[in-house]
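Chain by chain, the residues:
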Amino acid sequence: QLQNKILILTICAAGIGGTFQYGYNISIINAPASYIQVFMNTTWLERMGVPLESNMVLLLWSFTVSAYPLGGLTGAVAAGPMAIMLGRKMSLLLNNGFVIIAAALSGCSRMAKSFEMIMLSRFFTGVNAGVSMNIQPMYLAESAPKKLRGAVALTSASFTALGLVLGQVVGLRELLGGEESWPFLLASNVVPALIQLTALPWFPESPRYLLIDRGDKESCISALQKLRGTSDLSAELEEMLAEQAAVKGQRAKNPWELFQNPGLRWQLVSIVVLSSAMQLCGNDSMYFYAAYVFQEAGIPEDKIPYVVIGTGSCELITSVTCNMIIDYAGRRPLLLGGYIFMAAWAIVFMVALSQQTQISWMPYLSMACIFAYILSFGIGPAGVTGVLPTEVFDQMSRPAAYMICGSLLWFNLFLVGTAFPFIVKSLAHFCYIPFLVVCVCTALYVWFFLPETKGKSFLEISEEFRKRNFKAKTRGGFYKGPEEIKTTPL
């Protein structure tokens, strides 16, 4: 059907220049790491006449790596105001400007003999990823029909995984990962940006944004017709008009206002717990230090880049699978199953690492654990976490909620990236104990406190959270109906 094609093409146009860039730019920096460090040392020698000490090279490299999450944090904070003022689609389009600047800087860095340009490039790349990680799931979930909302929003995780895999493939020495071609590898992120700039303008803005934020009913109906075709729109429009009426007279909220609002208590706790757990569960440590982990597991050095591609492929396969089953299985079972399996595999992984010098087949078990851990992450936490803020917050609170989620995601990414080498040094084979604790605690939270949102309208989900947020007041007879409803996330 034509309407399904339009929705699918909208997903692809948003994804290729959106969360795809996050995954792609995480993985392309790994292949040329040694070449960039040599370039830093050579450049310094030419400028100052003396080479850099090895610890100074590592310090400059750590600045280059940490510029990415710092940019991501900046982008996450900027995403909320951008989504409100510019709209979802326009924000995604303008966001490509950051990547174009980044590609120009990194592409010309060797010619200009400036490693500072690479650092600045990584910062701008991070800003792009920070914006798209927040706005793309919001744009897609608001554009999708209720019965497909989970699957459509979850494509953000699939594009992240696709970016990881393609970044790993392009980073092979046979392609752009060689000593002569690394500036082109770092600048190759301009290609997805140009594709999105060409494709996305042909597709509609989020219908919910047009109606509820802008009050433009005609544009909303026009966008819905493009996305749904000629099918009956009355039920969906009625639901959106009810949500518009519920937030009438309200303005878009700031992040600190969410913390002050008792009607948003459990929604906020849920996204804080799940957004933090997504990075603190240890999955990204597999990508940042994949080569190191596989070397410890006994894999020959010349085969490591190909094994690393396998890890990215695992996450891609599971995120696509999760896409297919999320609207049948629900959000809670996928999150719960993902974290329970990750906890189990973390235990097996630590035992395997501790015994790998004693038992000949243990390195293969260690490698299997890494694949299983990434599979478990991909089947639930990787995608469902990004869907929830759209579902549990109303139109006025949603951009601020994504700002909080994004800020936590990038801060924790930086925290884990900085702390993991020290955790490995102090705990050795038992380096996954902190991640095991996070997985167990998150699984317990999901089991006891997170309601299912599958197949429910935004108003139905808000009502379920309202009962939790005002449970004590309702029991005590203090609940006053309409007065309370004014602060409810409808």
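Residues numbered from 1 in each chain as written. Predicted model: local features only at pLDDT ≥ 70, side-chain atom pairs only at ≥ 80, totals over all residues. Heavy atoms only, no water.

- An unreviewed UniProt entry annotates the chain as GTR11 protein of Setophaga kirtlandii.
- Check the Sequence similarities (unreviewed entry) section of the UniProt entry for the chain; it says "Belongs to the major facilitator superfamily. Sugar transporter (TC 2.A.1.1) family." (UniProt positions renumbered as here; feature names shortened; annotations may be inferred.)

### Examining the domain arrangement of the chain
Then step 1. Splitting the chain by domain gives domain 1 (1–203) and domain 2 (251–470).
Then step 2. Here domain 1 and domain 2 have C-alpha centroids that lie 21 Å from each other.
Then step 3. Every contact between the two is made by 42 residues of domain 1 and, on the other side, 45 residues of domain 2.
Then step 4. A combined buried area of about 3500 Å² lies between domain 1 and domain 2, and 69% of that area is made up of carbon and sulfur atoms. (Domains from an automatic or database assignment. Contact = heavy atoms within 4.5 Å. Buried area = accessible area lost by both parts, 1.4 Å probe.)

### Concerning the environment of Ala78
Then step 1. Assignment of secondary structure puts Ala78 in helix α4 (residues 54–85).
Then step 2. Judged by its relative accessible area of 30%, Ala78 is partly exposed. (Helix = DSSP H or I, 4+ residues; strand = E, 2+ residues; numbered from the N terminus. Buried < 20%, exposed > 50% of the residue type's maximum accessible area, 1.4 Å probe, protein only.)

### Some details on the packing of aromatic side chains
Then step 1. The final tally for this structure, using the stated rule, is eleven aromatic pairs.
Then step 2. Relative to Tyr24, the ring of Phe20 has its centre 5.7 Å away and its plane inclined at 15°; by these criteria the two rings are stacked. Of the two residues, Phe20 and Tyr24 both sit in helix α2 (residues 19–27), four residues apart, roughly one turn of that helix.
Then step 3. Note on Phe20: relative accessible area 4%, which makes it buried.
Then step 4. You can call Tyr24 buried: its relative accessible area is 5%.
Then step 5. On the numbers, 5.5 Å between centres and 75° between planes, the contact of Tyr68 with Trp410 is edge-to-face. (Phe/Tyr/Trp six-rings, centres within 6.5 Å; stacked < 30°, edge-to-face > 60°.)

### Quick look at the packing of helix α11 (residues 217–228) against helix α12 (residues 234–246)
Then step 1. Contact geometry of α11 with α12 gives a least axis separation of 11 Å together with a crossing angle of 140°. When the interaxial angle is binned, α11 and α12 end up oblique. Relative to α12, α11 is oriented so that their crossing is right-handed. Counting all contacts with α11, which are made through Lys217, Cys220, Ile221, Leu224 and Arg228, the residues of α12 involved are Glu236, Leu237, Met240 and Leu241. (Axes fitted to C-alpha atoms, helices over the stretch in contact; angles between N-to-C directions. Parallel < 35°, antiparallel > 145°, perpendicular 65-115°, else oblique. Left-handed = near helix turned anticlockwise from the far one by under 90°.)

### Some details on α4
Because an α-helix packs 3.6 residues into every turn, residues spaced three or four apart end up facing the same way.
Then step 1. With 32 residues, α4 extends 47 Å from end C-alpha to end C-alpha; this agrees with the ideal 46 Å at 1.5 Å per step.
Then step 2. For α4, the principal kink sits at Ala79 and spans about 35°; a proline, Pro81, occurs within the next four residues. (Expected span 1.5 Å × (residues − 1). Bend = angle between axes of the 7 residues up to and from the residue.)

### Focus on empty space enclosed by the protein
Then step 1. Overall, the coordinates contain three cavities of 30 Å³ or more when judged by the stated rule.
Then step 2. In this structure, the largest cavity occupies an estimated 390 Å³ of space.
Then step 3. What lines the largest cavity is a set of 30 residues, and nearest its centre among them are Met133, Met278, Ala382, Gly386 and Leu409.
Then step 4. Only α2, α6 (116–143), α7 (149–170), α14 (265–280), α15 (283–288), α20 (381–392) and α21 (398–427) provide two or more residues apiece to the lining of the largest cavity.
Then step 5. When the residues that make up the lining of the largest cavity are grouped by side-chain class, the tally is 17 nonpolar, eleven polar and two charged.
Then step 6. If you count residues domain by domain, the lining of the largest cavity takes at least three from each of domain 1 (1–203) and domain 2 (251–470). (1 Å grid on protein atoms, 1.4 Å probe; cavity = no way out; pocket = protein on both sides within 12 Å on 5 of 7 lines; lining within 4 Å. Points joined across faces, edges and corners; volume = space filled by probe spheres on them. Nonpolar A, V, L, I, M, F, W, Y, C, P; charged D, E, K, R; others polar.)

### Some details on the pattern of salt bridges
Then step 1. What the rule picks out here adds up to eight salt bridges.
Then step 2. Glu142 serves as the salt-bridge partner of Arg88, at 2.9 Å between the closest nitrogen and oxygen. In this pair, Arg88 sits in helix α5 (residues 88–112) while Glu142 sits in helix α6, placing the two residues 54 residues apart along the sequence.
Then step 3. Assessed through its relative accessible area of 0%, Arg88 is described here as buried.
Then step 4. Given the relative accessible area of 1%, Glu142 is considered buried.
Then step 5. In this structure, Glu236 engages Arg228 in a salt bridge whose closest nitrogen and oxygen atoms are separated by 2.7 Å. (Salt bridge = Lys/Arg side-chain N within 4 Å of Asp/Glu carboxyl O.)

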